[in-house]
Each structure stands twice: as structure tokens, then as C-alpha cells.
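The chain contents come next:
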Amino acid sequence: MTSVYEAAGRLEGLTRLAGAWHERVLADPVVSHAFSHGYHPDHTARLAAYWAEALGGPASGLDETTIVRMHSGNGPHDEMNDRAIACFDRALDDAGLAAEPVGRVLHDYFAWSTRDSMNRYHRPEDDVPAGLRIPHWSWDGLQQPG
Ligand code: HEM
């Protein structure tokens, strides 16, 4: 069966999507705040590589614990999460990936990652454990590691 990665246009499609999302969040008065301290010069490519791995594509070489740590310890930020997800929905349109069924799966993956996965250690006192694995997502949602 075609993976979500393939249906999203592989690395090329996901790079378009990551670039569109990043442009949208930098223009958002709330979400842009998170990026005001700077970010990797290859942010878009690294984000696309991470999504590719999560959605059934090649390994990204990125470390889940490091990435979750980058997104942790800032306290609850529900409004920022909601706005980041709204930016993602617009980015799906920008990147030509909003059509069913792939648009819905990408939305569900991103909303879950933002609210539940990247956000699960949001309390300042939380310790993010070493050795986390990049969660994988398919047409029917989160894949439990086999
Ligand atoms: C509210 C939503 C989000 C915000 C505000 C946000 C913010 C950020 C920021 C500021 C960075 C740069 C950190 C740095 O370079 O020091 C970053 C990097 C990154 N984020 Fe997010 N993020 C969000 C959601 C997500 C989600 C849902 C995913 C994955 C599904 C994700 C994956 C990544 C990856 C892979 C990197 C690159 C790490 C690297 O360069 O090594 N982010 N994010």
C-alpha cells in the first residue's frame, strides 16, 4: 500500500509543506514568538526529513529526544498550538496537499504531534527521557512500535 509519505509527494512534497508552514508561522503574531530566539539554518529541510521518516519514508538521522527537548518545558501553550495547527491547514492548501485523503491524514498527524507528542513534557520540571523514537503515523493513525 502507498505510504502517507508517498501520497504527500515524498521529500519534495513535504519540503513544500514544511516551507509553507514555516512561512505561515513566522507571519503569525503568537507562533512566531517561539522562533524569535533563532533556529537551524536548514530548519525547513530538517522538518521535512522528520515528517518523511514519521510518515513512512527514509530515516532522517534526527534524534527524537533532542527534538522533544527543544519543544519542552515552556508551560502550557494551547493558543500557540491551535494557531500552529491553523497555519498547517493553510500550508496544506499552499503546498497543494489539502485534497482527501492525504490532507486529512496530514492534518491529524500534525494536530496530534503538536498537542500530544511534542507537548507531553511541557511542564518546566519535566525531564524528557533519553532514547525516544520518532513516532510513526499511517493512514489509520499512530503506529505502535512493533
Ligand atoms: C506549536 C507548534 C510548534 C512550534 C511553535 C515549534 C517550534 C520550533 C522551533 C522554535 C524550532 C527550532 C528550535 C531550535 O533550532 O533551537 C523547532 C524545530 C523543530 N521542530 Fe518544531 N515546533 C512546533 C511543532 C512541531 C511539530 C508538531 C513537529 C513534528 C511533527 C516539529 C518538529 C520539529 C523539528 C524536526 C525541528 C528541527 C530540529 C532540528 O533542527 O534538529 N515541531 N520547532
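The structure displayed is predicted, hence computed values, not measured ones.

(A) Structural view of the overall build of the protein chain. Along the protein chain, the regular secondary structure elements total six helices and two strands. When its helices and strands are written in sequence order, the protein chain yields α-α-α-α-α-α-β-β. Taking the principal axes of its C-alpha atoms as reference, the protein chain extends roughly 40 × 40 × 25 Å. Among the 146 residues that make up the protein chain, the fraction classed as buried is 23%. Considering only contacts in the protein chain between residues 6 or more positions apart, those separated by 24 or more positions represent 77%.

(B) Quick look at the environment of Phe-88. Relative to the assigned elements, Phe-88 resides in helix H5 (residues 78-94). The spacing of Phe-88 and Ala-111 is 23 residues in sequence and 8.8 Å in space, taken between C-alpha atoms. Apart from the residues lying within four places of it in its own chain, the contact partners of Phe-88 are Trp-21, His-107 and Phe-110.

(C) Helix H2 (residues 10-26), seen in detail. When the terminal C-alpha atoms of H2 are compared, their 24 Å separation across 17 residues agrees well with the 24 Å that a helix rising 1.5 Å per residue should span. Taken as a whole, H2 has its buried residues at Gly-13, Leu-14, Leu-17, Ala-18, Ala-20, Trp-21, Arg-24 and Val-25. In a view along the axis of H2, the buried residues occupy a sector of 165°, so they form one face of it.

(D) Region of interest: the site of the ligand. Near the ligand, the surroundings consist of 20 residues, among which Ala-34, Tyr-39, Tyr-50, Ala-84 and Ser-113 are the closest. Looking at the shell around the ligand, the elements that each hand over two or more residues are helix H3 (43-54), helix H4 (64-70), H5 and helix H6 (102-117). For the shell around the ligand, the element with the most residues is H3, which contributes four residues. Within the shell around the ligand, the residues separate by chemical class into 13 nonpolar, six polar and one charged.

(E) Broad picture of the environment of Gly-57. Relative to the helices and strands, Gly-57 is located in the loop between H3 and H4. It is 8.5 Å that separates the C-alpha atoms of Gly-57 and Val-4, two residues lying 53 residues apart in sequence. Sequence-distant contacts of Gly-57, that is, excluding residues within four places in its chain, are made with Ser-3, Tyr-5, Arg-10, Leu-11 and Ala-52.

(F) Representation of the nonpolar core in the model. Of all hydrophobic cores here, the largest spans 30 residues; its most connected members are Ala-8, Leu-17, Trp-21, Trp-51, Leu-55 and Ala-91. Looking at this core, the elements with two or more residues in it are helix H1 (4-7), H2, H3, H5 and H6. Ignoring anything within four residues of it in the chain, the contact list for Ala-8 reads Gly-13, Leu-14, Leu-55, Leu-97, Val-102 and Leu-106.

(G) Representation of the packing of H2 against H3. H3 packs onto H2 with a crossing angle of 125° between their chain directions and a minimal axis gap of 8 Å. In terms of their interaxial angle, H2 and H3 are classed as oblique. Seen from above, H2 lies across H3 with right-handed handedness. Contacts between H2 and H3 involve Leu-11, Leu-14, Thr-15, Ala-18, Gly-19 and His-22 on the former and, on the latter, His-43, Thr-44, Ala-45, Leu-47, Ala-48, Trp-51 and Ala-52. Its residues assigned to classes, the contact of H2 with H3 comprises eight nonpolar, five polar and no charged.

(H) Focus on the environment of Ala-84. Within the secondary structure, Ala-84 is located in helix H5. Between the C-alpha atoms of Ala-84 and Ala-98, which are 14 residues apart in sequence, the distance is 16 Å. Those residues in contact with Ala-84 that sit more than four places away from it in its chain are Val-25, Val-31 and Thr-114.

(I) Inspection of the confidence of the model for the protein chain at higher detail. Per-residue confidence for the protein chain gives a mean pLDDT of 96; residues scoring 70 or more make up 99%. Note on the complex model: pTM 0.97, ipTM 0.96.

Parameters and conventions
- Residues numbered from 1 in each chain as written.
- Predicted model: local features only at pLDDT ≥ 70, side-chain atom pairs only at ≥ 80, totals over all residues.
- Helix = DSSP H or I, 4+ residues; strand = E, 2+ residues; numbered from the N terminus.
- Buried ≥ 20, exposed ≤ 12 C-beta atoms within 10 Å, placed from the backbone.
- Contact = placed C-beta atoms within 7 Å.
- Expected span 1.5 Å × (residues − 1).
- Arc of directions from axis to C-beta.
- Near = placed C-beta within 6 Å.
- Nonpolar A, V, L, I, M, F, W, Y, C, P; charged D, E, K, R; others polar.
- Core = buried A, V, L, I, M, F, W, Y, C linked by C-beta atoms within 7 Å.
- Axes fitted to C-alpha atoms, helices over the stretch in contact; angles between N-to-C directions.
- Parallel < 35°, antiparallel > 145°, perpendicular 65-115°, else oblique.
- Left-handed = near helix turned anticlockwise from the far one by under 90°.
- pLDDT = per-residue confidence, 0-100.

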